[in-house]
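Below are the chains, spelled out letter by letter.
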Amino acid sequence: MKNAETKITTFFTWQEMTISETAEKNGLQNIPDKKAVEALFFLVTRLLQPLRELYKKPVRVTSGYRSPEVNRLVGGVPDSQHLKGEAVDRRTEDNERLLRVLQESGLTFDQAILYRQRNILHLSLKREGTNRKMVLIR
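Not measured: the values here are computed from a predicted model.

**Q** What should I look at first to understand the overall build of the protein in this one?
**A** Across its full length, the protein holds 5 helices and 5 strands. Its helices and strands taken in sequence order, the protein reads α-α-α-β-α-β-α-β-β-β from the N to the C terminus. Since a compact globule built from 138 residues should have a radius of gyration of about 14 Å, the 14 Å found for the protein is in line with a globular shape. Principal-axis analysis of the C-alpha atoms places the extent of the protein at approximately 40 × 30 × 30 Å. The proportion of buried residues among the 138 residues of the protein is 45%. For the protein, the share of sequence-separated contacts (at least 6 apart) that also reach a separation of at least 24 residues comes to 63%. Counting 24 positive and 17 negative side-chain charges, the protein places the averaged centre of each group 3 Å from the other.

**Q** Is there a simple way to think about the environment of Thr 9 in this case?
**A** Here Thr 9 lies in the segment before helix 1 (14-18). Residue Thr 9 is classed as buried on the basis of its relative accessible area of 15%. Measuring from C-alpha to C-alpha, the distance between Thr 9 and Arg 52 comes to 11 Å, with 43 residues separating the pair along the chain. When sequence neighbours within four positions are dropped, the list of residues in contact with Thr 9 reads Val 44, Thr 45 and Gln 49. At 2.6 Å, the side chain of Thr 9 forms a polar contact with the side chain of Gln 49.

**Q** What is the right way to read the side chain of Ser 67 from this model?
**A** Secondary-structure assignment places Ser 67 in the loop between strand 1 (60-63) and helix 4 (68-73). The contact partners of Ser 67, leaving out residues within four places of it in the chain, are Gln 29, Asn 30 and Leu 83.

**Q** Please explain the environment of Gly 85 as it appears in this structure.
**A** Note on placement: Gly 85 falls in the loop between helix 4 and strand 2 (87-91). Sequence separation between Gly 85 and Leu 125 is 40 residues, and the spatial gap between their C-alpha atoms is 9.1 Å. The residues contacting Gly 85, other than those within four sequence positions of it, are Ala 36, Ala 39, Leu 40, Leu 43 and Tyr 65.

**Q** Whenever I open this one, the sheet that holds strand 5 (residues 134-137) confuses me. Can you help?
**A** Whenever strands of a sheet pair, they do so through backbone hydrogen bonds, lying parallel or antiparallel. Reading across the sheet, the 5 strands line up as 1-2-4-3-5 and stay open at both edges, with mixed pairing between neighbours. Both outer strands of the open sheet, strand 1 and strand 5, are each paired with one neighbouring strand and no more. The sheet shows a mean angle of 25° between the axes of neighbouring strands, direction not considered. Bridge analysis of strand 3 (residues 111-115) against strand 5 gives 4 bridges, and the strand direction is parallel. Looking across to strand 5, one finds that Gln 111 is bridged to Met 134. Across the sheet, helix 3 (residues 34-55) lies against strand 2 and strand 4 (120-124), angled at about 20° from strand 2, the strand it touches most.

Definitions and limits used
- Residues numbered from 1 in each chain as written.
- Predicted model: local features only at pLDDT ≥ 70, side-chain atom pairs only at ≥ 80, totals over all residues.
- Heavy atoms only, no water.
- Helix = DSSP H or I, 4+ residues; strand = E, 2+ residues; numbered from the N terminus.
- Rg over C-alpha atoms; globule rule 2.2 N^0.38 Å.
- Buried < 20%, exposed > 50% of the residue type's maximum accessible area, 1.4 Å probe, protein only.
- Contact = heavy atoms within 4.5 Å.
- Lys, Arg positive; Asp, Glu negative; His and termini not counted.
- Charge placed at Lys NZ, Arg CZ, Asp CG, Glu CD.
- Polar contact = N/O pair within 3.5 Å; in protein donor to acceptor, adjacent residues only side chain to side chain.
- Pairing = 2+ DSSP bridges.
- Axes fitted to C-alpha atoms, helices over the stretch in contact; angles between N-to-C directions.

Have a look at this one:
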């Protein structure tokens, strides 16, 4: 991984894929290993950037990669795709519209989970294995 502020694509940087308030508050490193870096690059270039271009509005990543300790502290599930660099949580002014754009786009994804009360859309994409195109609304 290059400098954290280095852009991955036009709209996404390494910093936003790895930043963690929880890590900062607890003095923890949140640095992905080589495999997670490769998965993050795949996620951004194959799903997030194309989706952002279709959505045509800014999208804030609230959680990308999580180290095992950060994942535990935020209450993430033990097998979270965030641990592998395969998932992000995003916040927009209209997550339901972003989800519709994703469903109509034909883009491959593994999961899209809309958490209405928290105004977050979890998006994931596996680099290896089958992507399920699973949509859940909670």
